[in-house]
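# Examining the three-dimensional arrangement
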Protein chains: 2
Amino acid sequence: MLLLLVFVAAAHRGVADDGYRLWLKYDRLADAGQRAQYQKAARFVAVAGPDPVLRTAAAELQRGLQGLLGQPVPMQASAGPLSGGIVLKVERNAIDASAPNAPEGYRIYAEKNNLVVASPSAAGVLYGAYAVLRRVQTGGALAGWAVRSTPRIRYRLLNHWDNPNGTVERGYAGSSIWKWEELPQRLDPRYTDYARANASIGLNGVVVNNVNASARYLTPEYLPKVAALAGVMRPYGIRVYLSVFWAAPKVIGGLPTADPLDPAVQKWWANKTDEIYRAIPDFGGFLVKANSEGEPGPQDYQRTHADGANMLAKALGTHDGVVMWRAFVYKADGSGDRFKEAYQDFQPLDGKFDPKVLVQVKNGPIDFQAREPFHPLFGAMPRTPLVLEVQLTQEYLGFATHAVYLGPLIKECLEADTHAQGPGSTVAKVVAGSLDHHAQSGIAGVANIGSVRNWTGHPLGQANWYAFGRLAWDHTLDPGALAEEWTRMSLTTNAAAVRSITALLDQSRSIYVRYTTPLGLHHIMGESIHYGPQPWLAKAGRPDWTAVYYHRGDSVGLGFDRTAAGSNALALYQPAVQKQWGSAATCPLDYLLWFHHVGWKQPLSTGRTLWNELCHRYYTGADSVAWLQKQWAAARPALDAAVYADVASRLQIQQQEAYWWRDACVLYFQTLARQPVPAPFAPPTRTLADIKRQVQVYQLK
Amino acid sequence: MLLLLVFVAAAHRGVADDGYRLWLKYDRLADAGQRAQYQKAARFVAVAGPDPVLRTAAAELQRGLQGLLGQPVPMQASAGPLSGGIVLKVERNAIDASAPNAPEGYRIYAEKNNLVVASPSAAGVLYGAYAVLRRVQTGGALAGWAVRSTPRIRYRLLNHWDNPNGTVERGYAGSSIWKWEELPQRLDPRYTDYARANASIGLNGVVVNNVNASARYLTPEYLPKVAALAGVMRPYGIRVYLSVFWAAPKVIGGLPTADPLDPAVQKWWANKTDEIYRAIPDFGGFLVKANSEGEPGPQDYQRTHADGANMLAKALGTHDGVVMWRAFVYKADGSGDRFKEAYQDFQPLDGKFDPKVLVQVKNGPIDFQAREPFHPLFGAMPRTPLVLEVQLTQEYLGFATHAVYLGPLIKECLEADTHAQGPGSTVAKVVAGSLDHHAQSGIAGVANIGSVRNWTGHPLGQANWYAFGRLAWDHTLDPGALAEEWTRMSLTTNAAAVRSITALLDQSRSIYVRYTTPLGLHHIMGESIHYGPQPWLAKAGRPDWTAVYYHRGDSVGLGFDRTAAGSNALALYQPAVQKQWGSAATCPLDYLLWFHHVGWKQPLSTGRTLWNELCHRYYTGADSVAWLQKQWAAARPALDAAVYADVASRLQIQQQEAYWWRDACVLYFQTLARQPVPAPFAPPTRTLADIKRQVQVYQLK
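Residues numbered from 1 in each chain as written. Chains lettered and ligands numbered in written order. Predicted model: local features only at pLDDT ≥ 70, side-chain atom pairs only at ≥ 80, totals over all residues. Heavy atoms only, no water.

As named in an unreviewed UniProt entry, chain A is Xylan alpha-1,2-glucuronidase, taken from Hymenobacter coccineus. On record in UniProt, under Sequence similarities (unreviewed entry), the comment for chain A is "Belongs to the glycosyl hydrolase 67 family." (UniProt positions renumbered as here; feature names shortened; annotations may be inferred.)

Okay, structure coming up:
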């Protein structure tokens, strides 16, 4: 006995929480009374049939419950006369077939003293099984529990910007999780845990390669590799998609052109698509970045994006796949207002897309800034299903060293009102298809996942993956509640600690906005790497890659005039939106400098002048990082020591860099505003030249 | 009791061997009798004083012995009257001061029934402590054991080709282990385990950044990050070095020039060096790649490499650091024979270097090919200490999917006889400094380490890190014995399995040579990525980046004539070497095509014609991978299942790619030789066009 205890201790000593298990921890619940309650309701798992997804559901439930409850949970073919167990079953009528996305829905209910998890599909049962585990992990009662849930959006995808050489574009969590050179022979066990994590939050698709795509994935050399990944994903209800390189017919097909109206090109894609489906019968489809940032596309042949997308849709033929065509385009000349360009290119194509095409639109009109107004294409293309693309990797949000919980950012976009069909025409309804009665609907998160042990670099970055999946399933969920759910599953169930961490997460994005880009400032970060401040950047590869293009600061004031007096980008929105944002007096301060050039001495609704309000936000924002640190420190007793130390050190970096941002922006804008830093704030102790030198370090090769 | 057993099982189930612990496993020895023997000799560890390195030695010994022996091993300030323990002590006379590198040496001996580990330095005690652990891990007796060991080479370094953005040049094990954005605030626990691993095999220095260097490491922004790493390494006896960007005085110093004879440049480097030593008092020094492959250097100002190196040496002043100046240079025009160029640039500088300068020379004259003759600079610069640079990352050796144990490759170079001072003037003696009586000596391994969980990608790649360190300490060690040692410490102590795996490792490099570049072929791999075969490559950025430049195949024969009738590179070697290699009749077949253009029908010493011998080696080499697989399969019962499966799948890939290499080379060379594949070998079933298409896939962006 003593010997055994020694070993148990040793085993545990070696197992500091390295974050690998994400929110699927399944450690035994500490409260014996609570455990006893659950034990009564989880005496077995009953499941019938060989369906691989159903087997996954049962196995995961067994594994999770055994871990959480510390008792064996046998698996049986049926409940028979037994009670007190969990019964998984595929039941055609479990969900009313008229409900959107009914096949993936699940129903959980009590029957003969068992808890039944039923769905029209095995995938739905899997989602229900994870709902049961989540319920236990977060302390909800199983007795008397009944719930019915269907996903509000059909295609719920992660987009990986992973390159064939193992790098990840805008990735801050190590190299790609895909080891292409090892595939198909070696299947890294990590692939399975990745699939588990995705399925547990309801994601059902994965684009495995960067939208700046290599053609090699379409070759006979690589398709077996992709097929091997698809084989790992399949038992988790996840389909694999590919980003395609538009010029593939030329570079791997030997054709002289990639013109979508060329019959040889059409035939090449049709044959290629058939070849893909032979290797991957449940292949999800294509994601395309075309005529964007140097990528080839149909416009190279004077064809439209619709011509290109429709050609691929035709190539898919009767296969059950879709084309997700990205609207992230802006003209190569960089004149005009980049804000408007995707709209100008795409809105006129509404109604011209094949039913298999969805147009994928970023949440905002520029590029994943810390805060953007919703993209004007939402609500403006009623005849086209629009996929909402959000970015989980923190390209503009402090990489993996700043704590920025994205639940509120995603929710803010989803809840934004396009007024396309009057008040209440939210982006969420556009995306879910309910506003315009589309059966197709999609949402995509650009993954923040890499091969570092804890998946996301910043331990709190896991919450962004989690919240994205949960909101993709149900956009009505509250981001604060999701933060709490994630915390309980991932870090601690101690009530005070959960409160403290949830508050931290909840406030983190608005704090980040304050110390980097308050009042609607945007795109003033370090050149190319998008790290740290560089508001003075005036020369770059293109005018719309500079900072001054966006903030338009001068001796008079600050901000991009997008009213009729300026670029008139505002005209792309519905009148009701224009009305709200069109006057500097009524425009919410969060969007002020997105749409207005405001005088430095202009008083704002806060009672402060623009300059003073700007300083106020930079200073209070940067100081608020100390509050984040306090929240984290308060939770310390309830946290694993390794996780605590990891996040604490990142918060220190964040604090230092928040001051960096503050000082850079205040000192630079001060050269334009020519006013003192208002009391009670102390002027920065370093000079603008100091800061510029520091920023320059990150621009060195 | 039952409950505990359940948990023990659960804990163990979760702990498949993921390779993270390397050869420092410290799992309890299975044999109780053996354990009992050791337990009698390891009742305590006695150590006095606060020296951090000494504390490391004691702590590591305690940790290791507790793990291996399954008993508490208390730490005490002194043995006092006790016996049966291990006593660590720094003892000025432990090693005769006249022995080379005496301060780092250790002596282990019995005294008053204790085992004493003594050294003139704490670092030496640390190496001795690891020797004790190795002894126990590999089953040697402690009773009656006495040993004295000093490192034969003073500077034993890993060179990391890690970039500031987290990528690793020629790295195949994930992203860089250094998380620059997290430093200095966050110290990844991995840094400590990295330091442990290095110290355990006797390495004492680490160049943390790529030789294609960024200037940012020299900035006030980055020096604290480097200093933080140095702080982790210091208790392990490891010093940190930096690769420097020659043009740093311009890009971060604001000077108009980087001319080493410019007083302002000299002052800048002197000040910078002082600044570095203030941050890192035990900083090791600089590694420099200058005027090589596009890097700037002193030749930009019509100065020599010696001018540049000596300027840096002067900048080091009285600081205890050195300059390691790389000789890997070849002219930008690509005419001539690249084989000769480093020699031509550097040999005339012999005697012109500052005493603080060591010239770092790759093992062979081209670039880390699977087999190269020793570099002609060895033995040709008697007045200059030469650092031997070998590559552990498998840039040309199949990345992380081919099993290639490098012990024999390194040993082959070390044992090569330069004849510089008559027979027996081995490269090892040149490098160790014993031949030319240099006090300075160095060896560098380009690391194969990344952030993947198991450090090296291929689990067997760990053996290369291990063998490099052990050979760096003592080049007289046998690579086969090191393979066995590593296997016993890392994989299994089962005698049959150890034999089987050791044989696999021992043969692996010669098998790799056979199926890729037999008979002295070299540099016929895929363009730029250096992966897979591309012997037909005739056009590249430079002629000496093609394959045809090196194999010189034509209708007459194959091979690069480097005799007097050709490039006369052979003249760079001593007459005795020339004599051996200068005639195709006496040249060892392993080097044949390195030095001779041989007719396709020329009979070789094997009795076969060149063409038939070439086919013989490609076919038997590729088939030998099946033998590697058999060796591995034979060890299966003694191996962790996860490790077994991992290596087994990589061997499958290796088998497939060995056939790829064979078919590519046989089919391509056949177009020149115009002869059939000799019996009993079956001609490839695919065409050269098939293979070229496949190779092309890996050249796609």
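With that out of the way, let us pick up unusual backbone geometry. Between Leu 183 of chain B and the following residue, Pro 184 of chain B, the backbone shows a cis peptide bond with an omega angle of 0 degrees. Looking along the chain, the bond that leaves Ala 679 of chain B and enters Pro 680 of chain B is cis, with omega of 5 degrees. Here Pro 680 of chain B shows up in the loop between helix H20 (641-673) and helix H21 (688-697). Even without glycine at this site, Ser 528 of chain A takes up a positive phi of about 65 degrees. The topology assignment puts Ser 528 of chain A in the loop between helix H15 (495-516) and helix H16 (548-551). Located in the positive-phi region is His 419 of chain B, a residue other than glycine, with phi close to 60 degrees. Checked against the element boundaries, His 419 of chain B lands in the loop between helix H11 (407-415) and helix H12 (427-432). (Helix = DSSP H or I, 4+ residues; strand = E, 2+ residues; numbered from the N terminus.)

Moving on, we come to the relation of the copies chain A and chain B. When chain A is fitted to chain B, the residual RMSD is 0.0 Å, and the transformation amounts to a turn of 180 degrees plus an axial shift of 0.0 Å. On this basis, the relationship between the two copies can be described by a two-fold rotation axis. (Least-squares fit on C-alpha atoms with pLDDT ≥ 70 in both.)

Turning next to the environment of Tyr 241 of chain B. Residues and elements named next belong to chain B. Residue position: Tyr 241 is located in strand E9 (residues 239-244). Taking relative accessible area as the criterion, Tyr 241 reaches 1% and is therefore assigned buried. Spatially, the C-alpha atoms of Tyr 241 and Ala 472 are 17 Å apart, while their sequence positions differ by 231 residues. Among all residues touching Tyr 241, those that are not within four sequence positions of it are Tyr 155, Leu 157, Gly 205, Val 206, Val 207, Val 208, Asn 209, Phe 283, Gly 284, Gly 285, Val 322 and Met 324. (Buried < 20%, exposed > 50% of the residue type's maximum accessible area, 1.4 Å probe, protein only. Contact = heavy atoms within 4.5 Å.)

Moving on: the packing of aromatic side chains. Using the criterion set out here, one finds 88 aromatic pairs over all chains in the structure. With 6.0 Å between their ring centres and 65 degrees between their planes, Tyr 531 of chain A and Trp 660 of chain A make a pair best called edge-to-face. Of this pair, Tyr 531 of chain A sits in the loop between H15 and H16 while Trp 660 of chain A is found in helix H20 (residues 641-673), placing the two residues 129 residues apart along the sequence. Tyr 531 of chain A sits in the buried class, given a relative accessible area of 3%. Aromatic pair Tyr 619 of chain B and Phe 681 of chain B: ring centres 4.8 Å apart, planes at 25 degrees, arrangement stacked. With Tyr 619 of chain B in helix H19 (residues 610-635) and Phe 681 of chain B in the loop between H20 and H21, this pair connects stretches of sequence that are 62 residues apart. On the basis of relative accessibility, which here comes to 16%, the residue Phe 681 of chain B falls in the buried class. Taken together, the ring pairs connect Tyr 20, Trp 23, Trp 178, Tyr 191, Tyr 194, Trp 455, Trp 465 and Tyr 466 of chain A into an aromatic cluster. Taking the ring centre of Tyr 20 of chain A as reference, the NZ or CZ of Arg 453 of chain A above it sits at 4.3 Å. A cation over an aromatic ring shows up here: Arg 562 of chain A above the ring of Phe 560 of chain A, its NZ or CZ 3.7 Å from the ring centre. (Phe/Tyr/Trp six-rings, centres within 6.5 Å; stacked < 30°, edge-to-face > 60°. Lys NZ or Arg CZ within 6 Å of the ring centre and 35° of its normal.)

In this section: the packing of H20 of chain A against helix H21 (residues 688-697) of chain A. Residues and elements named next belong to chain A. Contact geometry of H20 with H21 gives a least axis separation of 9 Å together with a crossing angle of 125 degrees. On the basis of the axis angle, H20 is oblique to H21. Of the two elements, H20 crosses H21, and the hand of that crossing is left-handed. Facing Trp 660, Asp 663, Ala 664, Leu 667, Tyr 668 and Thr 671 of H20, the residues of H21 in contact are Leu 688, Ile 691, Gln 694 and Val 695. (Axes fitted to C-alpha atoms, helices over the stretch in contact; angles between N-to-C directions. Parallel < 35°, antiparallel > 145°, perpendicular 65-115°, else oblique. Left-handed = near helix turned anticlockwise from the far one by under 90°.)

What follows concerns the pairing of strand E7 (residues 155-159) of chain B. Residues and elements named next belong to chain B. Within E7, five of the five residues are buried, which leaves the element mostly enclosed by the surrounding structure. In this structure, E7 lies alongside strand E14 (residues 442-446), joined through five bridges in parallel fashion. In the sheet register, Leu 157 faces E14, and the bridge partner there is Ala 444. Where E7 and strand E8 (residues 205-207) come together, three bridges link them in parallel fashion. Note that in E8 the partner of Leu 158 across the bridge is Val 206. One crossover worth recording links E7 to the parallel E8 by way of helix H5 (residues 189-200), and it is right-handed. (Pairing = 2+ DSSP bridges. Right-handed = clockwise from strand over helix to strand, strands pointing away.)

A separate point is the interface of chain A and chain B. Counting residues at the interface gives 46 residues for chain A, matched by 46 residues for chain B. Buried area between chain A and chain B, summed over both chains or domains, comes out near 4000 Å², and the portion from carbon and sulfur atoms is 58%. Of all residues in chain A, Glu 181, Gln 185 and Lys 701 of chain A bury the most surface against chain B, accounting for 17% of the area lost on that side. The partner of Arg 650 of chain B in a salt bridge is Glu 182 of chain A, and the shortest N-O contact between them spans 3.1 Å. Counting the contacts that link chain A with chain B gives 20 residue pairs in polar contact (both at pLDDT 80 or more). Residue assignment for the side of chain A that touches chain B shows that the elements contributing at least two residues are helix H1 (2-13), H20 and H21 of chain A. The element contributing the most residues to the side of chain A that touches chain B is H20 of chain A, with six residues. Tallied by class, residues from the side of chain A that touches chain B come to 20 nonpolar, 12 polar and 14 charged. (Buried area = accessible area lost by both parts, 1.4 Å probe. Salt bridge = Lys/Arg side-chain N within 4 Å of Asp/Glu carboxyl O. Polar contact = N/O pair within 3.5 Å; in protein donor to acceptor, adjacent residues only side chain to side chain. Nonpolar A, V, L, I, M, F, W, Y, C, P; charged D, E, K, R; others polar.)

This brings us to the domain arrangement of chain A. The parts lose accessible area when they come together, and the size of an interface is often stated as this lost area. Looking at chain A, the domain boundaries give domain 1 (18-149), domain 2 (155-490) and domain 3 (514-560 + 597-697). Inter-centroid distance (C-alpha atoms) of domain 1 of chain A to domain 3 of chain A is 47 Å. (Domains from an automatic or database assignment.)

What follows concerns the UniProt feature "domain: Alpha glucuronidase N-terminal" (unreviewed entry) in chain A. Following the UniProt record, one finds the feature "domain: Alpha glucuronidase N-terminal" (unreviewed entry) at residues 22-131 of chain A. From the first C-alpha to the last, residues 22-131 of chain A spans 16 Å; its make-up is 35% helix and 19% strand.

Turning next to the pattern of salt bridges. Considering all chains together, one arrives at 76 salt bridges over all chains under this definition. One salt bridge in this structure joins Arg 371 of chain B and Glu 412 of chain B, with 2.9 Å as the shortest N-O distance. With Arg 371 of chain B in the loop between strand E12 (357-362) and strand E13 (386-391) and Glu 412 of chain B in helix H11, the pair connects residues that are 41 residues apart, well separated along the chain. Assessed through its relative accessible area of 25%, Glu 412 of chain B is described here as partly exposed. Through salt bridges with shared partners, a single network forms among Arg 371, Glu 412, Arg 509, Asp 590, Arg 608, Glu 613 and Arg 617 of chain A.

This part covers the environment of Thr 393 of chain A. All names here are of chain A. Position of Thr 393 among the secondary structure elements: in the loop between strand E13 (386-391) and helix H11 (407-415). A residue is classified by how much of its surface remains accessible, and Thr 393, at 2% relative accessible area, is buried. Spatially, the C-alpha atom of Thr 393 lies 8.7 Å from that of Asn 464, the residues being 71 residues apart in sequence.

Moving on to the nonpolar core. Nonpolar side chains in soluble globular proteins generally cluster together in the buried interior. Grouped together as the largest cluster of nonpolar side chains are 484 residues, with contacts concentrated most on Trp 465, Trp 632 and Phe 669 of chain A together with Trp 465, Trp 632 and Phe 669 of chain B. Contacts of Trp 632 of chain A, omitting those with residues within four sequence positions, involve Leu 460, Leu 491, Ile 501, Leu 504, Leu 639, Val 643, Tyr 644, Val 647, Ala 648 and Leu 651 of chain A. Ranked by size, the runner-up nonpolar core spans 10 residues in total, among them Phe 44, Ala 46, Ala 79 and Ile 95 of chain B. (Core = buried A, V, L, I, M, F, W, Y, C linked by side-chain atoms within 4.5 Å.)

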